[in-house]
Amino acid sequence: MRPHTRWVAVASGWGVLLFAAGVTRAVAQESHIGSVTGHAPAGRPLYERYCAGCHGDDGDARGENAQWIDPRPRDFTMAVFKCRSTPTGTLPTDEDLFNAMTRGFVTTNMPPWVALTPQGRADMVAYIKTFSPK
Ligand code: HEC
């Protein structure tokens, strides 16, 4: 192979890899609840408005209200959840997160969010997942 041809081959190889990584990341920023697909970028402003006061801008449970709350808000960066249909040590499904958010947690400060649209809740599920360790 001539040096020039080899360079082109290597460069396009990287192109394919970067493209694949981009696609994987885009899929990781989606949620699927029934026929509704949630999108993390759309969930972000909703999260910042309704959730960040407790769960923190970075999902680390350091919102301004968190210090007054017992039990503490969930720290999404720990990837540990109470309501899972999945085995211990694994992440909940999108539906688990959606249902927990919709129901809220009675006897805690976590309100039910049923008043927000299903699309909005699905978008926030997609956004919350971006805080979990990859
Ligand atoms: C007033 C404070 C507060 C606000 C606002 C709040 N949460 Fe929570 N949230 C909590 C607390 C406290 C818990 C932990 C409850 C527990 O441990 O039983 C929690 C837990 C959770 C969980 C964990 C579910 C599980 O299975 O462990 C999710 C998901 C969640 N909240 C999502 C949200 C979303 C999305 C919003 C915004 C729409 C939001 N929360 C707004 C206080 C809040």
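Here the structure is a predicted model, which is why all the values come from computation and not from measurement. (Residues numbered from 1 in each chain as written. Predicted model: local features only at pLDDT ≥ 70, side-chain atom pairs only at ≥ 80, totals over all residues. Heavy atoms only, no water.)

### A word on the coordination of the iron atom of the ligand
Moving on, step 1. Protein coordination at the iron atom of the ligand: the donors are His55 (NE2) and Met110 (SD), at 2.0 to 2.1 Å from the metal.
Moving on, step 2. Classification of the site at the iron atom of the ligand as octahedral follows from its 6 donor atoms and the range of 86 to 178 degrees in their angles at the metal. A residue pair is termed long-range when its members are at least 10 positions apart, and His55 in helix α3 (residues 52-55) and Met110 in the loop between α4 (94-103) and α5 (118-129) qualify at 55 residues.
Moving on, step 3. Taking the relative accessible area as the measure of exposure, His55 reaches 11% and is therefore buried. (Donors = N, O, S within 2.8 Å, 3.2 Å for Na, K, Ca; no water. Tetrahedral: all angles 85-135°; square planar, octahedral: opposite > 155°, others 65-115°. Helix = DSSP H or I, 4+ residues; strand = E, 2+ residues; numbered from the N terminus. Buried < 20%, exposed > 50% of the residue type's maximum accessible area, 1.4 Å probe, protein only.)

### Some thoughts on the packing of aromatic side chains
Moving on, step 1. This structure, assessed with the given rule, holds 7 aromatic pairs.
Moving on, step 2. Geometrically, the ring pair formed by Phe76 and Phe131 is stacked, given 6.3 Å between the ring centres and 5 degrees between the ring planes. Here the residue Phe76 occupies a position in the loop between α3 and α4, and Phe131 occupies one in the segment after α5, the gap between them amounting to 55 residues.
Moving on, step 3. Overall, Phe131 belongs to the buried group, its relative accessible area being 13%.
Moving on, step 4. Put simply, the rings of Tyr47, Phe76, Phe81, Tyr127 and Phe131 touch in pairs and so form one group of aromatic residues. (Phe/Tyr/Trp six-rings, centres within 6.5 Å; stacked < 30°, edge-to-face > 60°.)

### Things to note about the pattern of salt bridges
Moving on, step 1. Applying the stated rule across the entire model yields 3 salt bridges.
Moving on, step 2. Here Glu48 ties to Arg44 by a salt bridge, and the two come within 2.9 Å at their closest N and O atoms. Here Arg44 and Glu48 lie together in helix α2 (residues 40-50), a separation of 4 residues that amounts to about one turn.
Moving on, step 3. On the basis of relative accessible area, Arg44 is assigned to the partly exposed category, the value being 43%.
Moving on, step 4. Arg62 is the salt-bridge partner of Asp60, the closest N and O atoms lying 3.8 Å from each other.
Moving on, step 5. With a relative accessible area of 22%, Asp60 lands in the partly exposed category.
Moving on, step 6. A residue is classified by how much of its surface remains accessible, and Arg62, at 69% relative accessible area, is exposed. (Salt bridge = Lys/Arg side-chain N within 4 Å of Asp/Glu carboxyl O.)

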